[in-house]
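Close look at the chain arrangement
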Amino acid sequence: MPAKRVILEMGTGNDLHGGDYTKAAVRAVQDAIHHSSLSLIRTLGVDAKTMQVEVTIGVQRPAEIRAEAVKAALPHGQVTVRVVKGGLDVPDEATGDVAIIASAAVTVRLDIA
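All residue numbers refer to positions counted from 1 along the written sequence of the respective chain. Side-chain atom pairs in this predicted model are given and counted only at pLDDT of 80 or more, local residue features only at pLDDT of at least 70, and totals for whole chains, interfaces and linings cover all residues. With hydrogens and water excluded, all non-hydrogen atoms of the structure serve as input to the side-chain values.

Let's shift gears to the pairing of strand β2 (residues 52-59). The sheet contact formed by β2 and strand β3 (residues 78-85) spans eight bridges and is parallel. When the sheet's bridge partners are listed, Gly58 is paired in β3 with Val84. Here, strands pair whenever DSSP counts at least two bridges between them. Every helix listed is a DSSP run of H or I at least four residues long, and every strand listed is a run of E at least two residues long, numbered separately from the N terminus. Bridge count between β2 and strand β5 (residues 97-110): seven bridges; the pairing is antiparallel. Its bridge partner being in β5, Thr56 is matched across the sheet by Ala105.

As a further point, take the layout of surface pockets. Considering only enclosed or pocket space, the largest pocket measures out at about 190 Å³ in volume. Residue lining of the largest pocket: Ile7, Glu9, Ile33, Ser36, Leu38, Met51, Val53, Leu74, Pro75, His76, Val106 and Val108, and that is the complete set. Among the elements of the structure, β1 (4-15) and β5 are those that each provide at least two residues to the lining of the largest pocket. The distinction between a cavity and a pocket rests on a 1 Å grid over the protein atoms alone: a 1.4 Å probe fits inside a cavity but cannot get out, while a pocket stays open yet meets protein on both sides within 12 Å along at least five of seven lines, and a residue with an atom within 4 Å of a point counts as lining. Grid points are joined across faces, edges and corners, and a volume is the space filled by probe spheres set on the points.

Turning our attention to the environment of Ala73. Mapped onto the elements of the fold, Ala73 is located in the loop between α3 (67-71) and β3. Relative accessibility decides the category of a residue: with a 1.4 Å probe and only protein chains considered, values under 20% of the type maximum give buried, values over 50% give exposed, and everything between is partly exposed. Judged by relative accessible area, which is 16%, Ala73 ranks as buried. Between the C-alpha atom of Ala73 and that of Leu16, which follows or precedes it by 57 residues, the distance is 20 Å. We call two residues in contact when some of their heavy atoms are within 4.5 Å. Those residues in contact with Ala73 that sit more than four places away from it in its chain are Val26, Val29 and Ile33.

Further remarks concern the pattern of salt bridges. Counted as salt bridges are all cases of a side-chain nitrogen of Lys or Arg within 4 Å of a carboxyl oxygen of Asp or Glu. Under the defined criterion, the tally for this structure stands at two salt bridges. Between Glu54 and Arg109 there is a salt bridge, with the nearest N and O atoms lying 2.9 Å from each other. In this pair, Glu54 is assigned in strand β2 and Arg109 in strand β5, connecting sequence segments 55 residues apart. Among the residues examined, Arg109 registers a relative accessible area of 25% and is labelled partly exposed. The salt bridge involving Arg61 is made with Glu64; its shortest N-O contact spans 3.4 Å. By relative accessible area, which is 47% here, Arg61 ends up partly exposed.

See below:
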């Protein structure tokens, strides 16, 4: 039987100066995971290392994301990272700077009967 989705958290992150898409993505993941507690996992007696954690990141330039850095932001589980076009770039024409806004969805799946 396929693993069942038990947690879905969303977050946003930004890099206000410097245009670092990965920094914004990591902050979005941190925002998402700081909204939840894994008490369900502990209550069920599940080994946190066996959780399937799927991260989807949305940014305007997906190719600029370093997926391994995003993956490292997750403290538990078997993590996969998928990057799609999304998020928002907010340019400052006066300075040539751009603020990067990333969106993250963090899904946890468990093998439970």
